[in-house]
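# Fold and geometry: a report
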Number of protein chains: 2
Amino acid sequence: MNNIQSYIKENKDRFLNELIELLKVPSISADSAYRNDVLKTAEAIKNSLEKAGCDAVEICKTDGYPIVYGEKIIDKNLPTVLVYGHYDVQPPDPINLWDSPPFEPVIKKTALHPEGAIFARGACDDKGQMYMHVKAMEFMSSTNQLPCNVKFMIEGEEEVGSANLGIFVKNNREKLKNDVILISDTGMIAQDVPSITTGLRGLSYVEVEVTGPNRDLHSGLYGGAVANPINVLTKMIASLHDENNHITIPGFYDNVEELSDEERAEMAKAPFSLDHYKKALDINDVYGETGYTTNERNSIRPTLDVNGIWGGYTGEGAKTVIASKAYAKISMRLVPHQDWENITQLFKDHFESIAPKGVTVKVTPHHGGQGYVTPINSIGYKAASKAYQDTFGKTPIPQRSGGSIPIVALFEQELKSKTILMGFGLDSDAIHSPNEHFGIFNYLKGIETIPLFYKYFVELSK
Amino acid sequence: MNNIQSYIKENKDRFLNELIELLKVPSISADSAYRNDVLKTAEAIKNSLEKAGCDAVEICKTDGYPIVYGEKIIDKNLPTVLVYGHYDVQPPDPINLWDSPPFEPVIKKTALHPEGAIFARGACDDKGQMYMHVKAMEFMSSTNQLPCNVKFMIEGEEEVGSANLGIFVKNNREKLKNDVILISDTGMIAQDVPSITTGLRGLSYVEVEVTGPNRDLHSGLYGGAVANPINVLTKMIASLHDENNHITIPGFYDNVEELSDEERAEMAKAPFSLDHYKKALDINDVYGETGYTTNERNSIRPTLDVNGIWGGYTGEGAKTVIASKAYAKISMRLVPHQDWENITQLFKDHFESIAPKGVTVKVTPHHGGQGYVTPINSIGYKAASKAYQDTFGKTPIPQRSGGSIPIVALFEQELKSKTILMGFGLDSDAIHSPNEHFGIFNYLKGIETIPLFYKYFVELSK
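Remember, it's a predicted structure, so these values are computed and weren't measured experimentally.

The buried fraction of strand β11 (residues 303-312) of chain B amounts to nine of the ten residues, a majority that puts the element mostly inside the structure. Where strand β11 (residues 303-312) of chain A and β11(B) come together, five bridges link them in antiparallel fashion. Residue G312(A) lies in a different strand from β11(B), and its bridge partner there is G308(B). For β11(B) and strand β13 (residues 325-334) of chain B, the ladder comprises eight bridges, and the chain directions are antiparallel. Residue pairing for β13(B): G311(B) is matched across the bridge by A326(B).

So, in structure tokens, the structure goes:
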């Protein structure tokens, strides 16, 4: 494509300032107190898509927050790219751990980002990565280089489960018809190591409640004689992993895809420093399933983690009480072919079956989603790979992510097209954590790489 | 003793009303907001002791709440009884579970208390039981039947650890000199089954903290690859009991007193209905150490209970986070000869030793106290036994309590005298819980029985 680099150079400051304006609005979908900010952000996205050259931009109402849709159809016979992103953000808590206010974006240089990075909630996830596509669209249309049709679908409920997006997709199959779905909501291995995410883990999230005696008891008078719901809960949770950190739920691994030695060898080529990893987390060692590397444990293997636990007296000092109830939130990350609803049922059946006498157990499913894996021989993958080669001078490494974007599996099911995950963030960008940031290098590199994906996708589709 | 029953009949209403007035003042030692009420209660105790016939009644300042002391020395050559009790009460929380306001005493009939019971915080623990001694004193002195010397020591910090009582005792050995210590702060088996508590369990209370990564992590990107502090904590706590619910801390049982078959057979004579026990707690089965009965598990055996646990996301809905830290409060009930400071050290050493790589563990001792056991062949025990025989028509059953009154061991150590625990409450009185109450029958039976203890103690001491 012509003069993309010079276009970026000329417009760099405006690209940054527009994103910074977007980041100033706290579009926190999880907290209804920010409802107006979320709606205001939807309006801003609408305007930015129109400015970028989209036609028929609309704010589509849902039972929750609206979905912003826009398109540019230049020739029905040409391929169509559907861009997905989200304009809502995670809550900033714990707020006191931020070095600067989460919704007052500042640019600071860091070791990994010598050109500077924008610090703000949503800088990377996903306002920054989503806006790269808006600016890439602006370039292509303003320079008459848009090589195909494009559709944008930007939602406002990704951080709270995308419940209404699924309904929207089901009800608008024709409108959303496309040849490939393009998403930037993942990461890359390193600034100089581009990668394309070829797999996402599924998710099953449940809450458990263990009930013992009908009231809190004096631990002196009853201790040792009745089942203590907290002690019981710890025993039950502990039993979910064996001594090799293998998950013990019967049937849990039945459909787990086992990668070939070749595939694992390919994965192992990704540069990774265990020392850096441990230092970054300030841990003296890693911990996980026997027989797998750290990169395999958090990508191609299913996991079970307690995300929260509570029960009894948690205030200051001491209270000698045996609690009537104990609770935990438990999530399982799943790999392709594990069906999340099936796994949720297996967990429920098993967890209820291991409850000892003296307690009753309740398992409440929260939500979940299927995993996803995309082939590396598709036109979309090849186009993305060539685009990265042009802008990074290297072939990107196919990478499985441990994270979950449940909606991706639904896209394939409903729209019958593959998703290409072109992520430009880094693990160190602290998404979902305090001091989230997004490198200026990464932001501009994304804007530079995306138009090339369009170009090669059209060429390879011929 | 003459006309004790007629004296009680004549003064019954006054005895009840005086106690009710005492119960109206929220003397909650744990909450500084009630400081004036606690001090006001100390004044009320002082006045009641003077009215009951004590001399030299004083409010002894401490670094915390004062100790009310009073005495009646009739003959230096006669034995001296030291009465201990406390005028502070537990916080009433959870307040919403009370059927009537905790500090607005009401008399209601219940299945176990057909004559009615006083419902209020402190009704049984310990205002009601402590005031029985004041009224017994009133009877003996007003009818010139006090057979020996008596000393009262009523504290206001029992519910918060009695920190200053220990100092007071150490500094006043001569003043507190006595031949037997008499306490009513325990229970009896049933209305028609009098019992004397011959043993109390010791206590070691610790707080543990497990730290993994230096910040909360995204459970998708890191799940399965780093030690999750909550999962680790559940594994560590679960490992503290084996499959027989035996505690696994090395050395934990080294000094545990093993009762003879005869002693266990004696204990087993105490009437106990497992069905009633389970029904009262609404549990389908009991749970505890293999090889011991329910009554043994909560009295002659040491235990380990988690009193509180917390970590990660505990709000509504779901958050896919791996917490940086997880916490638990753990208490161990100890039996005679287990030294609480030694056990605390054993716990600390063991718990830190079982921490897996990838986490660091911190154990913080809160507080503790020694267990206590009193022989059943002492003059004090025999005197109490005869007193019960007169008023209940039955020989009381010696009973080990699962609870702890750490100060009792200190009394023996500092004052070189045995403590007799004449308790008139019932397990169902809900001390430390909502709707605490004390039966009118029990209250008056205590006032009737106590003077007989004095009489027999003097007779048997000759």
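Text resumes after the structure shown.
A few words on the domain arrangement of chain A. All names here are of chain A. As far as domains go, chain A holds domain 1 (4-200 + 371-461) and domain 2 (202-256 + 302-369). Once you take the C-alpha centre of each, domain 1 and domain 2 turn out to be 37 Å apart. With nine residues of domain 1 at the contact, the number on the domain 2 side is seven residues. Between domain 1 and domain 2, a total of about 550 Å² is buried, with carbon and sulfur atoms accounting for 58% of that surface. Our count for the contact surface shared by domain 1 and domain 2 stands at zero salt bridges. In this assembly, domain 1 and domain 2 are joined by two residue pairs in polar contact (both at pLDDT 80 or more). A class-by-class count of the residues in the side of domain 1 that touches domain 2 yields four nonpolar, four polar and one charged.

For the pair chain B and chain A, the relating rotation is 180°, the translation along its axis is 0.2 Å, and the fit reaches an RMSD of 0.3 Å. One copy is carried onto the other by what is essentially a two-fold rotation axis. Of the residues that chain B buries at the interface, 99% are likewise interface residues in chain A, meaning the two copies contact each other through the same surface.

Turning to the interface of chain B and chain A, a few remarks are in order. The interface is formed by 78 residues belonging to chain B together with 81 residues belonging to chain A. Both sides of the chain B and chain A interface together cover about 6400 Å² of buried area, and 53% of this is carbon and sulfur. Here chain B is connected to chain A by two salt bridges. Across the salt bridge formed by K357(B) and D285(A), the nearest N and O atoms sit 3.7 Å from each other. At the junction of chain B and chain A, the tally comes to 38 residue pairs in polar contact (both at pLDDT 80 or more).

Before going further, it helps to spend a moment on the nonpolar core. The biggest cluster of nonpolar side chains holds 66 residues, and the ones touching the most others in it are F347(A), F351(A), F347(B) and F351(B). The contacts of F351(B), once residues within four sequence positions are left out, are V208(B), L233(B), M236(B), I237(B), L240(B), V361(B) and V363(B).

Taken in spatial order, the eight strands make up an open sheet running β14(A)-β9(A)-β13(A)-β11(A)-β11(B)-β13(B)-β9(B)-β14(B), and their pairing is antiparallel. This sheet does not close on itself; its edge strands, each paired only once, are β14 (360-369) of chain A together with β14 (360-369) of chain B. In this sheet, adjacent strand axes meet at a mean angle of 20° when their direction is disregarded. Across nine bridges, the pairing between strand β9 (residues 202-211) of chain B and β14(B) is antiparallel. Within β14(B), the residue paired with L203(B) across the bridge is G369(B). Where helix α10 (residues 340-353) of chain A meets the sheet, its contacts fall on β9 (202-211), β11, β13 (325-334) and β14 of chain A, and the angle it forms with β14(A) comes to roughly 165°. Here helix α10 (residues 340-353) of chain B sits on the sheet in contact with β9, β11, β13 and β14 of chain B, set at roughly 170° to β14(B).

Basis of the calculations
Residues numbered from 1 in each chain as written. Chains lettered and ligands numbered in written order. Predicted model: local features only at pLDDT ≥ 70, side-chain atom pairs only at ≥ 80, totals over all residues. Heavy atoms only, no water. Buried < 20%, exposed > 50% of the residue type's maximum accessible area, 1.4 Å probe, protein only. Helix = DSSP H or I, 4+ residues; strand = E, 2+ residues; numbered from the N terminus. Pairing = 2+ DSSP bridges. Domains from an automatic or database assignment. Contact = heavy atoms within 4.5 Å. Buried area = accessible area lost by both parts, 1.4 Å probe. Salt bridge = Lys/Arg side-chain N within 4 Å of Asp/Glu carboxyl O. Polar contact = N/O pair within 3.5 Å; in protein donor to acceptor, adjacent residues only side chain to side chain. Nonpolar A, V, L, I, M, F, W, Y, C, P; charged D, E, K, R; others polar. Least-squares fit on C-alpha atoms with pLDDT ≥ 70 in both. Core = buried A, V, L, I, M, F, W, Y, C linked by side-chain atoms within 4.5 Å. Axes fitted to C-alpha atoms, helices over the stretch in contact; angles between N-to-C directions.

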